[in-house]
Amino acid sequence: MAFTFYAKGVTTDSTANPVTLNQFTNTYSNLAVLCIMTTGGSRTGGAPSFAGFDMIQAGTTETSTEGSTELWYSLNDRIPKSVGTSFSVPNTSSDNISIIGSVYDTASTKWAEF
């Protein structure tokens, strides 16, 4: 299955708990991807969510002395169609984090409308 980019959003340097990012979807949105960058340590608080559903971690958290990076995703039925929703990232350690969230459409379904 192929995906095409639909929309993205970015937050920078927040210590909030949770850190949130508003995101829009459309009728064909089938994949949500979230990258979390933490400076100064590893974030605590558990899995982020998209539209109220926990996301799935893609691999392990990569950690260095400067911070850590996490990659998460959500597929298909957990993505509401044609609405404004949000990514929510727990941050119980009040670390300084930035997030990039993006939504993708299923290419074969998207072109069916033409």
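The rules behind these values
Residues numbered from 1 in each chain as written. Predicted model: local features only at pLDDT ≥ 70, side-chain atom pairs only at ≥ 80, totals over all residues. Heavy atoms only, no water. Helix = DSSP H or I, 4+ residues; strand = E, 2+ residues; numbered from the N terminus. Buried < 20%, exposed > 50% of the residue type's maximum accessible area, 1.4 Å probe, protein only. Areas by Shrake-Rupley, 256 points an atom, 1.4 Å probe, with all protein chains shown as cover. Polar contact = N/O pair within 3.5 Å; in protein donor to acceptor, adjacent residues only side chain to side chain. Contact = heavy atoms within 4.5 Å. Phe/Tyr/Trp six-rings, centres within 6.5 Å; stacked < 30°, edge-to-face > 60°. pLDDT = per-residue confidence, 0-100.

1. Quick word on the overall build of the protein
Within the protein, the regular secondary structure consists of one helix and 10 strands. Reading the helices (α) and strands (β) of the protein from amino to carboxyl end gives β-β-β-β-β-β-β-β-β-β-α. Across its three principal axes, the protein shows a C-alpha extent of roughly 50 × 25 × 20 Å. Going through the 114 residues of the protein one by one, you find that 40% of them count as buried. As displayed, the protein offers around 6000 Å² of accessible surface, 55% of which is attributable to carbon and sulfur atoms.

2. Some remarks on the side chain of Asn30
With respect to the helices and strands, the residue Asn30 is situated in strand E3 (residues 29-39). Within the local environment of Asn30, its side chain forms a polar contact with the backbone oxygen of Tyr28, the two atoms lying 3.0 Å apart. Only 3.2 Å separates the side chain of Asn30 from the side chain of Lys81, close enough to count as a polar contact. In this structure Asn30 touches Phe3, Ser74, Leu75, Asn76, Ile79, Lys81, Tyr104, Asp105 and Thr106, once residues within four positions along its chain are discounted.

3. Quick notes on the packing of aromatic side chains
One pass over the structure, following the stated rule, counts two aromatic pairs. Taking 5.9 Å as the distance between ring centres and 70° as the angle between the ring planes, the aromatic pair formed by Phe5 and Tyr104 counts as edge-to-face. Taken together, the residues Phe5 in strand E1 (residues 3-14) and Tyr104 in strand E10 (residues 96-106) connect sequence positions 99 residues apart. Relative to Phe87, the ring of Phe50 has its centre 4.5 Å away and its plane inclined at 40°; by these criteria the two rings are tilted. Pair noted here: Phe50 is in strand E4 (residues 49-50) and Phe87 is in strand E9 (residues 84-89), with a separation of 37 residues, a long-range link.

4. Structural notes on the confidence of the model for the protein
On average, residues of the protein carry a pLDDT of 87, and 92% of them reach 70 or more. Here residues 109-114 is a poorly scored stretch, pLDDT under 50, and it has five contacts once near neighbours within four places are set aside; other chains count.

5. Considerations on the environment of Gln57
One can find Gln57 in strand E6 (residues 56-57). Since its relative accessible area comes to 28%, Gln57 is described here as partly exposed. For the pair formed by Gln57 and Leu71, sequence separation is 14 residues and the distance between their alpha carbons is 6.0 Å. Excluding residues that lie within four positions of it along the chain, Gln57 makes contacts with Glu70, Leu71, Trp72 and Tyr73. Within polar-contact distance, the side chain of Gln57 engages the side chain of Thr61 at 3.0 Å.

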